[in-house]
Amino acid sequence: MGVKLGILGLGTVGTGTVQLLQDKSFRHPLLQEVEIYRVGVRSLDKPRAVTLPDSVLTTDLEAIVSDPAVDIVVEVMGGLEKARSLILKAIQNGKHVVTANKAVISRFGDEIFTAANQAGVYVMLEAAVGGGIPVIQPLKQSLSVNRIHTVTGIINGTTNYILTRMQTEGGNFSDVLADAQRLGYAEADPTADVDGLDAADKIAILASLAFGGRIKLKDVYSEGIRQVSKTDIAYAEKLGFVIKLLAIAQSAAPLAAIANRTTPSSPSSPSSPLISVRVHPTLVPKAHPLASINGVNNAILIEGEPIGQVMFFGPGAGAGATASAVSSDILNLVAALKKSKTALNPLLACAHQDYCQIVPMAELVTRFYARFLTKDQPGVIGKLGTCFGNHGVSLESIVQTGFQGELAEIVVVTHDVQEGDFRQALTEIQTLTAVDSIPSLLRVV
Ligand SMILES: NC(=O)c1ccc[n+]([C@@H]2O[C@H](COP(=O)([O-])OP(=O)(O)OC[C@H]3O[C@@H](n4cnc5c(N)ncnc54)[C@H](OP(=O)(O)O)[C@@H]3O)[C@@H](O)[C@H]2O)c1
């Protein structure tokens, strides 16, 4: 029997998730066991980008979270109070929950996770931070043996887009914001983004996972980008920096020891980690891994011991990216539900027996760079071009770059070609008396 989903919301994220789940060509066979059982929306009359049976779509979200047939509730409706109460009701009714709602988790995580632990259900939130970037599961699992020192993120695409354009075009904050709103990169009310509140929600979640303690949102210092001027960006550039809105969670133990400051702002046990959590515009050295993260992209740099530095980079929003994260949570829950019936966890066990078919190198389609040493005679470039043409190899550029002793040096870059055709052209070229040697042959991405 399939695992039944009750999805709350069919907007950007909900639609992307339904599309991904409906397309059975996606990768993991466990996804085939998922049934989209109910989808809750505000309006039944709205045109939808996905086709669902009439019996699936409903405006009664309360009924979804209390329906005994539903195994997993996927909350992708957004907002605060309604989402919070539906999540709590789902938990009380013994359902596992997947949510993309950083605002609810950062504010009500304490209540939600306490309820989930009591009810013996999971609340999964991969899409809540970094959109499609898998960062929650790595923090919970793959990196969990490390002592984390710092988590530094560019985790708000709107502000990174604005700062990138101010940097590249020398524009004012207000002009670039207005343009970003016109192009759909910023909301009509941009407060949550430009004042750093969205990034604060997200770093609170990451800090909690990285340092193993709950975080009160009011303890997260947050300063937005409204006061960043094009003058500051230009001076920073001269000094070798770019300005980024960074969300930082950092172990403060060494700092506290230096400053002899041991009183954290929230009550906690003596063993609670002492950390600083903050969001603010920051001068980042150009050589820093986060300096080159531009536009709406997100990245999270995690530094710890013994791992050193790892960075996660990718799309922080969008239907497909977020659906990938939501569906990975669903997959994990399906695996957990199946685990009770089978001996092995299907996500940890090897799930395939057949061999992949590997394309022979001769059939590989790629671009090539080749460097030739030839006699300094007229017409050599033409002869090379003819040989390439004979084998259907089209050239992006062919230039004589200089001399090595008596020999002329000619560099060729091809368009995409089949490797076998390119090799045949080279074989023919090697028979030309004007060609001395081919010292370099590299593939180009
Ligand atoms: N968009 C992204 O790229 C992205 C990325 C990461 C995380 N998230 C998070 O994912 C969540 C959803 O975002 P979204 O962009 O998909 O939102 P959205 O496009 O505004 O969609 C919201 C959906 O929820 C439904 N809904 C909202 N309130 C409802 C209510 N009270 N009763 C019934 N249905 C209700 C709406 O129904 P109607 O369609 O009938 O109006 C709509 O289908 C948010 O928490 C957001 O922060 C979004």
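Just so it is clear, the structure is predicted and the values come from calculations on it, not from any experiment.

Trainee: Summarise the pattern of salt bridges; cite the residues concerned and give the values.
Mentor: As a working rule, side chains carrying opposite charge can pair if their charged atoms are close by. Following the criterion strictly, the structure yields 21 salt bridges and no others. With a closest N to O distance of 3.0 Å, Glu-396 and Arg-367 form a salt bridge. Here Glu-396 is found in strand E14 (residues 395–404), whereas its partner Arg-367 is found in strand E13 (residues 365–374), with 29 residues between them in sequence. Since its relative accessible area comes to 41%, Glu-396 is described here as partly exposed. The class of Arg-367 is partly exposed, set by a relative accessible area of 21%. Counted as one network, the salt bridges with shared partners bring together Arg-165, Glu-169, Asp-179 and Arg-182.

Trainee: So, the sheet that holds strand E9 (residues 241–251): which residues are in play, and what are the values?
Mentor: The strand order across the open sheet built from six strands is E8-E10-E9-E7-E11-E12, with neighbouring strands paired in mixed fashion. Looking at which strands have only one partner, the edges of the open sheet turn out to be strand E8 (221–222) and strand E12 (308–315). As paired strands, strand E7 (residues 147–154) and strand E11 (residues 297–305) are joined by seven bridges and run antiparallel to one another. Counted as the bridge partner of Arg-147 is Glu-305 from E11. Strand contacts of helix H9 (residues 197–211): E7, E8, E9, strand E10 (275–285) and E11, with the helix running at about 40° to E9, the strand carrying the most contacts.

Trainee: Residue-level account of the sheet that holds strand E3 (residues 57–58), with values.
Mentor: Across the sheet, which stays open at both edges, the six strands sit in the order E3-E2-E1-E4-E5-E6 with parallel pairing between neighbours. With one partner strand each, in any of the chains shown, E3 and strand E6 (123–124) form the two edges of the open sheet. Examined bridge by bridge, strand E4 (residues 72–75) and strand E5 (residues 96–99) share four bridges and lie parallel to one another. Looking across to E5, one finds that Glu-75 is bridged to Thr-99. Against the sheet, helix H3 (residues 81–92) touches strand E1 (3–8), E4, E5 and E6, its axis set at about 155° to E5.

Trainee: An account of the site of the ligand is needed here, citing residue identities and associated values.
Mentor: Around the ligand there are 21 residues in total, and Leu-10, Val-13, Lys-46, Arg-48 and Gly-318 lie nearest to it. The contact in question runs from an oxygen atom of the ligand to an N or O atom on the side chain of Arg-48, over 2.7 Å. Between the ligand and Gly-318, the relevant distance is 2.8 Å, taken from an oxygen atom to a main-chain nitrogen or oxygen of the residue. Notes on the ligand: free accessible area 900 Å², of which the protein chains cover 78%. For the shell around the ligand, a count of residues per class yields nine nonpolar, eight polar and four charged.

Trainee: Got a sec to walk through the packing of aromatic side chains? Specific residues and values, please.
Mentor: Enumeration over the complete set of coordinates arrives at four aromatic pairs. Ring geometry for Phe-372 against Phe-388: centres 6.3 Å apart, planes inclined by 70°, an arrangement best described as edge-to-face. Placement of the pair is Phe-372 in strand E13 and Phe-388 in helix H13 (residues 380–390), with a sequence separation of 16 residues. Judged by its relative accessible area of 0%, Phe-372 falls in the buried class.

Trainee: Residues and numbers for unusual backbone geometry, please.
Mentor: Residues Glu-305 and Pro-306 are joined by a peptide bond in cis, for which omega reads 5°. Its place among the elements puts Pro-306 in the loop between E11 and E12.

Trainee: Give me the packing of helix H4 (residues 102–119) against H9: which residues, what numbers.
Mentor: The relative placement of two packed helices comes down to the angle between their axes together with the axis-to-axis distance. It is at 9 Å that the axes of H4 and H9 come closest, and there the two elements cross at 60°. Taken together, the axes of H4 and H9 lie oblique to each other. The crossing of H4 and H9 is left-handed. Contact residues: H4 offers Lys-102, Ala-103, Ile-105, Ser-106 and Arg-107, while H9 offers Asp-198, Asp-201, Lys-202, Ala-204 and Ile-205. Among the residues forming the contact of H4 with H9, the class breakdown is four nonpolar, one polar and five charged.

Trainee: Can you break down the environment of Arg-423 residue by residue, with the values?
Mentor: You can see Arg-423 is positioned in helix H14 (residues 419–430). Discounting chain neighbours no more than four positions away, the residues touching Arg-423 are Leu-441 and Arg-443.

Trainee: Could you give me a rundown of the domain arrangement of the protein, with the residues and numbers involved?
Mentor: Segmenting the protein into domains produces domain 1 (3–133 + 320–339), domain 2 (136–315) and domain 3 (365–444). Centre-to-centre separation of domain 1 and domain 2, based on C-alpha positions: 27 Å. It is Ser-106, Val-129 and Ile-133 in domain 1 that bury the most area against domain 2; as a group they hold 39% of the surface buried on that side. Taken together, the connections running from domain 1 to domain 2 amount to three salt bridges. In this structure, Asp-198 engages Lys-102 in a salt bridge whose closest nitrogen and oxygen atoms are separated by 3.8 Å. Counting across the interface, domain 1 meets domain 2 through eight residue pairs in polar contact (both at pLDDT 80 or more). Counting only elements with at least two residues in the side of domain 1 that touches domain 2, the list comes to H4 and helix H12 (319–339). With nine residues, the top contributor of residues to the side of domain 1 that touches domain 2 is H4.

Rules used in this analysis
- Residues numbered from 1 in each chain as written.
- Predicted model: local features only at pLDDT ≥ 70, side-chain atom pairs only at ≥ 80, totals over all residues.
- Heavy atoms only, no water.
- Salt bridge = Lys/Arg side-chain N within 4 Å of Asp/Glu carboxyl O.
- Helix = DSSP H or I, 4+ residues; strand = E, 2+ residues; numbered from the N terminus.
- Buried < 20%, exposed > 50% of the residue type's maximum accessible area, 1.4 Å probe, protein only.
- Pairing = 2+ DSSP bridges.
- Contact = heavy atoms within 4.5 Å.
- Axes fitted to C-alpha atoms, helices over the stretch in contact; angles between N-to-C directions.
- Near = heavy atom within 4 Å.
- Polar contact = N/O pair within 3.5 Å; in protein donor to acceptor, adjacent residues only side chain to side chain.
- Areas by Shrake-Rupley, 256 points an atom, 1.4 Å probe, with all protein chains shown as cover.
- Nonpolar A, V, L, I, M, F, W, Y, C, P; charged D, E, K, R; others polar.
- Phe/Tyr/Trp six-rings, centres within 6.5 Å; stacked < 30°, edge-to-face > 60°.
- Parallel < 35°, antiparallel > 145°, perpendicular 65-115°, else oblique.
- Left-handed = near helix turned anticlockwise from the far one by under 90°.
- Domains from an automatic or database assignment.
- Buried area = accessible area lost by both parts, 1.4 Å probe.

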